[in-house]
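Summary of structural features
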Amino acid sequence: MYTAALLCQVLLATAAFALPSSRERLAQRVARRAAGAHLSHPKQSVPGAVTEVSSATNATHAEVSSNWSGAVLVSGRNTYKSVTATFTVPTPKEPSGGSGTHSASAWVGIDGDTCGNAILQTGVDFTVSGSRTSFDAWYEWFPAAAFDFSGFTVHAGDSITATVTASSTTSGTATLINHSTGQQVSHSFSGQPALCQENAEWIVEDFEENGGLVPLANWGTVTFTGASAGTSSGNVGPSGSTIIDLEQNGRILTSVSTSGSTVTVEYTGS
């Protein structure tokens, strides 16, 4: 027969055994991701947007969003035919005071800001769970869910070039090149919901999984270099973009700037 002290120890041990480890939580997240639970989403503007943001660089053209941070070019319909940039995959960290699994995603895309009907996009997710990190390379034509590229390896520190090209409003390609491994993958789309081709963007996102935004990782800084958008009259850089900072729970969590062909997205939340 259990004594009270022994019974307490047994209950505590049982509860500890029932809690998933960081490795198990990560495996569960990866399984959900593989099942198509990951979904990027059009920019979600914050009602009553904060007007004073995190740096003087941002103050001129800043907007705030609950899920996007980065830079967006906005023009008339049928303007943007392609978007590209290169970035170094960051090492995600848990935010200050955080525990569990946290993620974010860096990507390039067409549409999703002033046009929310569809988004052609590709990029890399980065996730931290305890001391473990994982990375997913993916493609998506919103409103469908994202899908992983098969056999494409990504590690922290890898140099990735991401490119999307719209061959029409309903077809196109998403391509990733890992310069650190020499791998290249591409996916072709056809018969998709129509793009407006109004927006070209370079974004770090708090993406959606199973109906809600994932807990946000601290990614440090993601710098998109060689950022360019193709139009029928040539290529343009991010100069003059709308700067978007990520705000959650009344706090601005990012600092975004552009310079030449570079977009810098810094996590400042902790």
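So, a few notes on the structure that sits alongside this text. Computed from a predicted model, the values in this text were never measured in an experiment.

**What to know about the overall build of the protein chain**
When you go through the protein chain residue by residue, the secondary structure sums to three helices and 20 strands. When each of the 270 residues of the protein chain is scored for burial, the buried share is 48%. In the protein chain, 71% of the contacts between residues at least 6 apart in sequence involve partners at least 24 apart. Accessible area of the protein chain: about 11500 Å², with a carbon and sulfur share of 51%.

**Some details on the pairing of strand 7 (residues 132-142)**
Most of strand 7 is tucked away: nine of the 11 residues are buried. Strand direction decides the pairing type here: strand 7 and strand 8 (residues 147-148), joined by two bridges, are antiparallel. In the strand pairing of strand 8, Trp 138 is matched with Asp 148. Here strand 7 folds back onto strand 8 in antiparallel fashion, the turn holding four residues.

**Considerations on the nonpolar core**
Soluble globular proteins tend to bury their nonpolar side chains together. Among the nonpolar cores identified, the biggest contains 47 residues, and Phe 87, Phe 126, Trp 202, Val 204, Trp 219 and Phe 224 are the most heavily contacted of them. Apart from the residues lying within four places of it in its own chain, the contact partners of Trp 219 are Ser 69, Pro 90, Ala 104, Phe 126, Val 204, Thr 254, Val 265, Glu 266 and Tyr 267. In this structure, Trp 68, Trp 107, Ile 119 and Ile 203 belong to the second largest nonpolar core, which totals nine residues.

**Some words on the side chain of Ser 228**
Along the chain, Ser 228 turns up in strand 15 (residues 221-231). Given a relative accessible area of 17%, Ser 228 falls into the buried group. If near-sequence neighbours (up to four positions away) are discounted, Ser 228 is found in contact with Ser 82, Val 83, Thr 84, Trp 202, Asn 235 and Val 236.

**Some points on the environment of Ala 104**
Within the secondary structure layout, Ala 104 lies in strand 5 (residues 101-110). Note: C-alpha distance between Ala 104 and Leu 216 (112 residues apart in sequence) is 6.0 Å. Excluding its chain neighbours within four sequence positions, the residues that come into contact with Ala 104 are Val 124, Asp 125, Phe 126, Val 204, Glu 205, Phe 207, Leu 216, Ala 217 and Trp 219.

**Digging into the pattern of salt bridges**
All chains considered together, the criterion is met by one salt bridge. Close ionic contact of Glu 198 with Arg 77 constitutes a salt bridge, the shortest N to O distance being 3.9 Å. With Glu 198 in the loop between strand 11 (183-189) and strand 12 (199-205) and Arg 77 in the loop between strand 3 (68-74) and strand 4 (80-88), this residue pair connects regions lying 121 residues apart in the sequence. For Glu 198, a relative accessible area of 13% corresponds to the buried category. A relative accessible area of 53% means that Arg 77 is categorised as exposed.

**Quick word on the state of the cysteines**
Two cysteines whose sulfur atoms are joined by a covalent bond form what is called a disulfide. Per the stated rule, a full pass over the model turns up one disulfide. Between Cys 115 and Cys 196 runs a disulfide, and the two sulfur atoms are separated by 2.1 Å. Residues Cys 115 and Cys 196 share a disulfide whose torsion about the S-S bond is about 65°; that sign makes it right-handed. Of the two residues, Cys 115 is situated in the loop between strand 5 and strand 6 (119-129) and Cys 196 in the loop between strand 11 and strand 12; the sequence distance between them amounts to 81 residues. One exposure class covers both Cys 115 and Cys 196, and it is buried.

**Digging into the packing of aromatic side chains**
If you walk through the whole model with that rule in mind, you get seven aromatic pairs. For the pair Trp 219 and Tyr 267, a centre-to-centre distance of 5.3 Å together with 70° between the ring planes defines the contact as edge-to-face. Linking Trp 219 in the loop between strand 14 (212-213) and strand 15 with Tyr 267 in strand 20 (residues 262-267), this pair joins segments that are 48 residues apart in sequence. The residues Trp 219 and Tyr 267 share a single accessibility class, namely buried. One aromatic cluster in this structure is built from Tyr 139, Trp 141, Phe 147, Phe 149 and Phe 189.

**Examining unusual backbone geometry**
Looking along the chain, the bond that leaves Phe 142 and enters Pro 143 is cis, with omega of 20°. Mapping Pro 143 onto the fold places it in the loop between strand 7 and strand 8. The phi angle at Gln 197 is positive, at roughly 60°, despite the residue not being glycine. When you line up the elements, Gln 197 lands in the loop between strand 11 and strand 12. Owing to a relative accessible area of 3%, Gln 197 belongs among the buried residues under this scheme.

Rules of the game
- Residues numbered from 1 in each chain as written.
- Predicted model: local features only at pLDDT ≥ 70, side-chain atom pairs only at ≥ 80, totals over all residues.
- Heavy atoms only, no water.
- Helix = DSSP H or I, 4+ residues; strand = E, 2+ residues; numbered from the N terminus.
- Buried < 20%, exposed > 50% of the residue type's maximum accessible area, 1.4 Å probe, protein only.
- Contact = heavy atoms within 4.5 Å.
- Areas by Shrake-Rupley, 256 points an atom, 1.4 Å probe, with all protein chains shown as cover.
- Pairing = 2+ DSSP bridges.
- Core = buried A, V, L, I, M, F, W, Y, C linked by side-chain atoms within 4.5 Å.
- Salt bridge = Lys/Arg side-chain N within 4 Å of Asp/Glu carboxyl O.
- Disulfide = S-S within 2.5 Å.
- Phe/Tyr/Trp six-rings, centres within 6.5 Å; stacked < 30°, edge-to-face > 60°.

None of the figures reported here should be taken as evidence of function without further support.
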